[in-house]
Amino acid sequence: MSRVNDGAGPSTSRQGNLPPPPQTRTGRSYKYTKLCDVKVNYNSSTTVNIFAAVKFFKPPFQTRGTDWCMMVKLVDSSIDDLEKGLKCLFFAKDLCLLPQIQSVGDVVRMHRLRVENYQGAPQGKKGPGFSCLVFDGRTGEPTKPRSDSQNFTFGTEDEDKVLELRQWVALTPELTPELHVVTLADVEEGQYLDLSCQIVSMARVDEVCVLFQVWDGTKPAEPFRQADLETLSLDQRADLAQKVKGHLVDVFIYDNHVKAALKFKPGDFVKICNLHVPKFKPPDDAPDPSDGLVEFVLHKGTSFGRGLMALSADDPDLKDMKSTMKQVIETSNTAEESTSKQASKQPSRELLMADDVPPPLKRAKTLENSTAN
């Protein structure tokens, strides 16, 4: 067995849905089942090990209780209709115990997946001892797994299966949609988008709303609604906030996403899925300074994959964004240094004391004092 030295990679925090880096261990070999062979009868179940690709998923969301839930549809080359993939529903007490899926096309390896009959079709769930490894599905990327467990086996046969699935994913248009990364500089009124960004500041607005101030290295294309910060207790990366003025936008996160939002902290990288950019409509009793303003809103619900996903600081999707961010910060640092040098060249303006007044002025002041007395 080969040893994988790193799992999910370093994160900006232990928050969100990223677990601590896992470690591999040697162990037994496993037999894997093709999805076309996963069958269950009514009122029965089976336990399987599978390799598959992600056709669809919803980011983790909170149930009405204390658990977190994630919905996934898995496919492989053995099924003739990708719409007939294996649907899975996972529950966990903590986000890091869910499969660390980040994108359609990700490759997964699941051990001890329990499959039951649900409304006439197979449905997967966690079985006793369930574990899941997730790999970037793009060809050429490292075979570095993201794991929901601290320990796992991963050998050359597993790596071969990952590479084989990646080749199939690359040839399957439904799993490799043409990606156009939308930035804040691209947004338009009425748009829905998945925004990868960094949190600079955050605050609890009320019981059903959390504010994120985020940036992605670009300047917003649209004038937008800004929160009244005077009424909020802001948790902020102050050093970063000063350097990226003009690049920040206020994102309002509502209802069932509040608990997930509070798992993050300033400095974290996050993907906000199905973020809406509607025209801002102020309350009826408020003055209307909002002509032409939009607002950034994560609505309640989980339709269309709506939700929040933590991203590790070394995520491949962040490479271009972080390069742009670095340029902004370097420009800010250069401007600060230039301002500091100019200030140091100016003579200091000290308050003149009576004993330091030149003789003519000193005599005049003495006369003024005498006249006054």
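Above this note sits the structure.
Conventions adopted
Residues numbered from 1 in each chain as written. Predicted model: local features only at pLDDT ≥ 70, side-chain atom pairs only at ≥ 80, totals over all residues. Heavy atoms only, no water. Helix = DSSP H or I, 4+ residues; strand = E, 2+ residues; numbered from the N terminus. Contact = heavy atoms within 4.5 Å. Areas by Shrake-Rupley, 256 points an atom, 1.4 Å probe, with all protein chains shown as cover. Phe/Tyr/Trp six-rings, centres within 6.5 Å; stacked < 30°, edge-to-face > 60°. Lys NZ or Arg CZ within 6 Å of the ring centre and 35° of its normal. Polar contact = N/O pair within 3.5 Å; in protein donor to acceptor, adjacent residues only side chain to side chain. Expected span 1.5 Å × (residues − 1). Pairing = 2+ DSSP bridges.

Colleague: Explain the overall build of the chain residue by residue, including any values.
Modeller: In terms of regular secondary structure, the chain is built from five helices and 15 strands. Here the contacts in the chain between residues at least 6 apart in sequence split such that 71% fall between residues at least 24 apart. Carbon together with sulfur atoms contributes 49% to the accessible area of the chain, which is approximately 20700 Å² in total.

Colleague: An account of the packing of aromatic side chains is requested, with residue identities and associated values reported.
Modeller: Overall, the coordinates contain five aromatic pairs when judged by the stated rule. An angle of 80° between the planes, with centres 6.3 Å apart, marks the rings of F212 and F264 as edge-to-face. Here F212, found in strand β10 (residues 209–215), pairs with F264, found in the loop between α3 (258–261) and β13 (269–277); they are 52 residues apart in sequence, far enough to count as distant. Sitting over the face of the ring of F252, R225 holds its NZ or CZ atom 3.8 Å from the ring centroid.

Colleague: Which residues make up the side chain of H111, and what values go with them?
Modeller: As for its placement among the helices and strands, H111 is situated in strand β5 (residues 107–118). Reaching out from H111, the side chain makes a polar contact with the side chain of Y32 at a distance of 2.7 Å. Among all residues touching H111, those that are not within four sequence positions of it are Y30, Y32, V48, N49, G129, F130, S131 and T153.

Colleague: Describe helix α1 (residues 156–170), and please don't skip the residues or the numbers.
Modeller: In this model, α1 (15 residues) spans 21 Å end to end at C-alpha, consistent with the 21 Å of a helix rising 1.5 Å per residue. Taken together, the buried residues of α1 touch β2 (45–62), β5 and β6 (121–135).

Colleague: Break down the environment of D186 for me, with residues and values.
Modeller: Its location among the elements puts D186 in the loop between α1 and β9 (191–206). The spacing of D186 and P220 is 34 residues in sequence and 7.6 Å in space, taken between C-alpha atoms.

Colleague: Summarise the pairing of β9; cite the residues concerned and give the values.
Modeller: Alignment of β9 against β13, held across seven bridges, turns out to be antiparallel. If you follow L195 over to β13, its bridge partner there is I272. In this sheet, β10 lies alongside β9 in antiparallel orientation, the contact comprising seven bridges. Among the inter-strand pairings, S201 is bridged to a residue of β10, identified as Q213.

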